[in-house]
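So the chains spell out like this:
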Amino acid sequence: MTYAPLPDLAIGARHAAFLLLQGRAAAAAELCHRLQAIDGRIEWIGGFIDLLTWAMPRPQLYPLVRALVDAGFANPCSFDLLAATAIWAGKPEAARALTDPARFLQVAALHGPDDPVLPLLAAELSRDLEHFQQPSSRAIRMGWRRNHLEQDESPLLRQMFQRLQTMALDYIARLPAEPDNPFLRARPDRLGLRGWSVVSGAETHHVSHLHPKSWVNGVYYVAVPRVVADAVEKPGWLRVGPAVERGFNAENGWDERWIQPQPGLVVLMPSHFTHETRPLNQADERRICVAFEVFAQPA
Ligand SMILES: [Fe+2]
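Chains are numbered independently. Their residues run from 1 in the order of the written sequence. Restriction of local features to residues with pLDDT of at least 70 applies here, the model being predicted, together with a cutoff of 80 or more for giving and counting side-chain atom pairs; totals for whole chains, interfaces and linings are based on all residues. Only heavy atoms go into the side-chain values, all of them from the structure, while hydrogens and water stay out.

K.L.:
Please give an account of the coordination of the iron ion that cites residues and values.
P.N.:
For a metal with four donors in a tetrahedral arrangement, the ideal angle between donors is 109.5 degrees, while six donors in an octahedron ideally sit at 90 or 180 degrees. Metal donors: N, O and S atoms at distances within 2.8 Å, or within 3.2 Å for Na, K and Ca, with water omitted from the atom set so that some sites may seem incomplete. At 2.1 to 2.2 Å from the iron ion lie its protein donor atoms, namely His209 (NE2), His211 (NE2) and His275 (NE2). Here the donor residues of the iron ion are spaced in sequence according to H-x1-H-x63-H. Across the pair, histidine 211 and histidine 209 agree in class, each one buried. When a residue's accessible area, from a 1.4 Å probe over protein chains only, is under 20% of the maximum for its type it is buried; when over 50% it is exposed; and in between it is partly exposed.

K.L.:
Run through empty space enclosed by the protein, naming residues and quoting values.
P.N.:
To find leftover empty space, one rolls a probe the size of a water molecule over the atoms. A 1.4 Å probe that fits but cannot get out identifies a cavity on a 1 Å grid over protein atoms alone, an open set with protein on both sides within 12 Å along at least five of seven lines counts as a pocket, and a residue lines either if it has an atom within 4 Å of a point. Grid points are joined across faces, edges and corners, and a volume is the space filled by probe spheres set on the points. Following the criterion strictly, the structure yields two cavities of 30 Å³ or more and no others. Lining the largest cavity, in full, are Thr99, Pro101, Val240, Gly241, Trp254, Asp255, Phe273 and Thr274. When grouped by side-chain class, the residues that make up the lining of the largest cavity number four nonpolar, three polar and one charged. Put simply, the second largest cavity is a space of about 30 Å³. In this structure, the second largest cavity is lined by Leu110, Val117, Leu121, Leu156, Gln159, Met160, Arg163 and Tyr220. By the criteria applied, helices consist of DSSP H or I runs no shorter than four residues and strands consist of E runs no shorter than two, each listed in order from the N terminus. Mapped by element, the contributors of at least two residues to the lining of the second largest cavity are α8 (117-125) and α9 (155-173). The biggest single contributor to the lining of the second largest cavity is α9, with four residues. Classifying every residue of the lining of the second largest cavity gives six nonpolar, one polar and one charged. When residues are sorted by character, Ala, Val, Leu, Ile, Met, Phe, Trp, Tyr, Cys and Pro go into the nonpolar class, Asp, Glu, Lys and Arg into the charged class, and all the rest, Gly among them, into the polar class.

K.L.:
Residues and numbers for the domain arrangement of the protein, please.
P.N.:
Note that the domain bounds were set by an automatic or database domain assignment. What the domain assignment reports for the protein is domain 1 (9-73) and domain 2 (101-296). Summarising the inter-unit geometry, the C-alpha centres of domain 1 and domain 2 are found 29 Å apart. In this assembly, six residues from domain 1 lie in contact with six residues from domain 2. The largest share of the area that domain 1 buries against domain 2 comes from Gly40, Arg41 and Arg66, three residues that together contribute 69% of it. We define a salt bridge as a side-chain nitrogen of Lys or Arg found within 4 Å of a carboxyl oxygen belonging to Asp or Glu. Counting across the domain 1 and domain 2 interface gives two salt bridges. Taking the shortest distance from any N to any O, the salt bridge between arginine 185 and aspartate 70 comes out at 2.4 Å. Throughout this description, a polar contact denotes any pair of N or O atoms lying within 3.5 Å of each other; where both atoms belong to protein, one of them has to be capable of donating a hydrogen while the other can accept it, and for residues adjacent in sequence the pair is counted only when both atoms sit in side chains. At the surface where domain 1 touches domain 2, the tally comes to two residue pairs in polar contact (both at pLDDT 80 or more). Only heavy atoms matter for contacts: two residues are in contact if any of them lie within 4.5 Å across the pair. Buried area is calculated as the accessible area (1.4 Å probe) missing from two parts once they are joined, with the contributions of both summed.

K.L.:
Help me get a handle on the pattern of salt bridges, residues and values and all.
P.N.:
Scanning all chains against the criterion turns up 15 salt bridges. Between arginine 96 and glutamate 93 there is a salt bridge whose closest N-O contact spans 2.5 Å. Remark: glutamate 93 and arginine 96 occur in helix α6 (residues 92-99); sequence separation between them is three residues, near one turn of the helix. Classification of glutamate 93 by relative accessible area gives exposed; the value is 57%.

K.L.:
Describe in detail the nonpolar core, supporting the description with residues and values.
P.N.:
In terms of nonpolar packing, the biggest core is built from 90 residues, with Phe48 and Tyr220 touching the most fellow members. A total of nine residues in this core trace back to one element, the largest contributor, which is α9. Domain assignment of the residues forming this core places at least three in each of domain 1 (9-73) and domain 2 (101-296). Nonpolar cores were defined as sets of buried Ala, Val, Leu, Ile, Met, Phe, Trp, Tyr and Cys residues, with membership established by side-chain atoms within 4.5 Å.

K.L.:
Pulling in residues and values, what's your account of helix α3 (residues 45-55)?
P.N.:
Residues Ile45, Phe48, Leu51 and Leu52 constitute the buried set of α3. Down the axis of α3, the sector holding all buried residues measures 125 degrees, keeping them to one side. The exposed set on the far side of α3, more than 90 degrees from its buried face, consists of Asp50 and Trp54. The elements touched by buried residues of α3 are α1 (9-21), α2 (25-38), α4 (62-70) and α5 (76-88). This arc corresponds to the set of directions leading from the helix axis out to the C-beta atoms.

K.L.:
Describe the packing of aromatic side chains, and please don't skip the residues or the numbers.
P.N.:
In this scheme Phe, Tyr and Trp rings, the latter by its six-membered ring, pair at centre separations within 6.5 Å, and the angle between planes marks the pair as stacked below 30 degrees, edge-to-face above 60, and tilted otherwise. Counted under the stated rule, the structure contains five aromatic pairs. Between phenylalanine 104 and phenylalanine 183, the aromatic rings sit 5.6 Å apart at their centres with planes inclined by 80 degrees, giving edge-to-face as the arrangement. Taken as a pair, phenylalanine 104 in helix α7 (residues 101-104) and phenylalanine 183 in the loop between α9 and β5 (191-200) lie far apart in primary sequence, 79 residues in all. Here phenylalanine 104 and phenylalanine 183 have matching classes, each one buried. Note on phenylalanine 104 and phenylalanine 273: the rings are 6.4 Å apart at their centroids and 85 degrees apart in plane angle, and the pair reads as edge-to-face. Linking phenylalanine 104 in helix α7 with phenylalanine 273 in the loop between β10 (265-270) and β11 (275-277), this pair joins segments that are 169 residues apart in sequence. Phenylalanine 273 carries the same exposure label as phenylalanine 104, and that label is buried. The side chain of arginine 194 reaches across the aromatic face of phenylalanine 295, ending 3.9 Å from its centre. Comment: the charge-over-ring label is applied if NZ (Lys) or CZ (Arg) is within 6 Å of the ring centre and within 35 degrees of the ring normal. The ring of tryptophan 237 carries the charged tip of lysine 234 above its face, separated from the ring centre by 5.5 Å.

K.L.:
With reference to specific residues and values, describe the layout of surface pockets.
P.N.:
Of the voids in this model, the second largest pocket is the one considered here, and its volume is about 360 Å³. Pro212, Lys213, Ser214, Trp215 and Ala296 are, among the 18 residues lining the second largest pocket, the residues nearest its centre. Where the lining of the second largest pocket is concerned, the elements lending two or more residues are α2, α5 and β12 (287-296). In the lining of the second largest pocket, the residues fall into nine nonpolar, five polar and four charged.

Next comes the structure, spelled out in structure tokens:
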């Protein structure tokens, strides 16, 4: 038996870009899927974008990337690229169809800030932590995580996931039905939920990132230090929007929102919504939250 060789990711990414530049969107999407099967985080897309932007002026790339998405390569990374190319093409409405926080970002309380479950969860979520200093493939910096909470049999965590699932499914049910919208039509048939705790100290923060292996993601705040009351410096706040250095803004098609954490608050967003957090800059208190993802379950 012979096997087709696995494509080298960097070479494959450039090949996929060449296919797209030749107008062969279906072949490009098929190769991109093969690369995604090797690297589910799609980190090779940087080389793909580099070649596209080298070969063609940025304002002309939108129809090509739209064709790639329409050919089935539909995921947070391609939606992010599609929004960027829409902005480069001077099509703010096409960008907002993917990026509008007024339509797609939900910030709502799961329960009040004095709910008795919170100290119990704070204690549970502070156990078995793993420290991350500056991992190359994660957005966290100088913080602690406990992964795979969905696999834990703790009744407290099972109840937490049940409540988050109810909230996430309600959010999804209220999303509009628009067959032409690449994000909305990419809703998986079978949904799964997974999550991890994040315990933040003075320096912990997250650099701008998206969640490439899910469709929707969110955060649930469990313990929030008093320092987040500072609405000027915004310590520990969540910023949802494009990284500042990309030059995107509300006018050209990608607005931002700042979210002040409070215990019991849940934020839900599409997984292509890039976001980041600011450090607390206070050594004596911790912020504890649960990051979670709604992802496609295999049939
Ligand atoms: Fe995140």
